[in-house]
Amino acid sequence: IHASADYRAALDLFEQDQFALAAAAFEKVAEGAKDPYVQAGATYQAAACHVKCDAFDKAKPLFVKTSSDLAPYTQWEAESVFWLAHCHAFLLERDEAIATLGRFLTDYADAKERFRITAGQFKDQLAYRGENELLDLSDRMTYVKRLLDKSKTDDPTQEKQKEIVDILDKLIKKHEDDCPT
């Protein structure tokens, strides 16, 4: 790619570990790009920056683009699918994550070994965590903690907190029923 000044500036921000600013700069480049290769590259880079900022909700739609509409124009199609699965997982979309990892393993058998092995392990881990009530609860609590750490205290966060309390109530009730005093 012949990098425009804006693309170069976004790369500079990335190299300086200013990922939130880099994400915004890459998104601006992608929005204004007439060349689909530049658009795809900038979109992928913006998504990667969002991942580094723990902003999986912002990264996910960008990885959707680079793994679908923009896939013919990027060298990171397989990686986009891999990271899309991670976005699903970190957003507690476990079934979507498992399906996306399955797609990755099937459609990108020639992907780098480190991605394939990690994808297989992560898929198995997600399936196991979904079957284990305590691990599922732990994942939910970690998710809410990340939201609260970002000062997200809105209705969706409060709903997630209520779900956690409901699950805890059920687990306590189940334990009391199984272990009468």
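Here the structure is a predicted model, which is why all the values come from computation and not from measurement. (Residues numbered from 1 in each chain as written. Predicted model: local features only at pLDDT ≥ 70, side-chain atom pairs only at ≥ 80, totals over all residues. Heavy atoms only, no water.)

A. Molecular detail of the side chain of serine 67. In this structure, serine 67 sits in the loop between helix H4 (56-66) and helix H5 (77-90). A polar contact of 2.8 Å, which involves the side chain of serine 67, links it to the backbone oxygen of phenylalanine 63. (Helix = DSSP H or I, 4+ residues; strand = E, 2+ residues; numbered from the N terminus. Polar contact = N/O pair within 3.5 Å; in protein donor to acceptor, adjacent residues only side chain to side chain.)

B. Molecular detail of helix H8 (residues 133-149). Under the 1.5 Å per step criterion, the end-to-end length of H8 is 24 Å for 17 residues, consistent within 8% with the ideal 24 Å. Looking at H8, one finds that the buried residues are Asp136, Leu137, Asp139, Tyr143, Val144, Arg146 and Leu147. Backbone nitrogen of leucine 134 and a side-chain oxygen of the N-cap are separated by 3.0 Å at the start of H8; the cap is asparagine 132. Of the residues one or two after H8, serine 151 is the one with positive phi, at around 60°. (Expected span 1.5 Å × (residues − 1). Buried < 20%, exposed > 50% of the residue type's maximum accessible area, 1.4 Å probe, protein only.)

C. Focus on the pattern of salt bridges. Tallied over the full model, the rule gives 14 salt bridges. Between arginine 94 and aspartate 136 there is a salt bridge, with its nearest N and O atoms 2.9 Å apart. Placement of the pair is arginine 94 in helix H6 (residues 94-107) and aspartate 136 in helix H8, with a sequence separation of 42 residues. Exposure remark for aspartate 136: the relative accessible area of 13% places this residue in the buried category. With a shortest N-O distance of 4.0 Å, lysine 160 and glutamate 163 are connected by a salt bridge. Remark: glutamate 163 and lysine 160 occur in helix H9 (residues 155-178); sequence separation between them is 3 residues, near one turn of the helix. Residue class for lysine 160 comes out partly exposed when judged on its relative accessible area of 25%. Given a relative accessible area of 31%, glutamate 163 falls into the partly exposed group. (Salt bridge = Lys/Arg side-chain N within 4 Å of Asp/Glu carboxyl O.)

D. Quick peek at the nonpolar core. By size, the foremost hydrophobic cluster in this structure holds 32 residues, and its most contacted members are Tyr7, Phe26 and Phe63. Put simply, the parts of the chain that give this core at least two residues each are helix H1 (5-15), helix H2 (19-32), helix H3 (36-52), H4, H5, H8 and H9. Beyond its immediate sequence surroundings of up to four residues, phenylalanine 26 is in contact with Tyr7, Ala10, Leu11, Phe14, Ala42, Gln45, Ala46 and Cys49. Core analysis: the second largest hydrophobic core is formed by 14 residues, Ala89, Leu101, Phe104 and Ala119 among them. (Core = buried A, V, L, I, M, F, W, Y, C linked by side-chain atoms within 4.5 Å. Contact = heavy atoms within 4.5 Å.)

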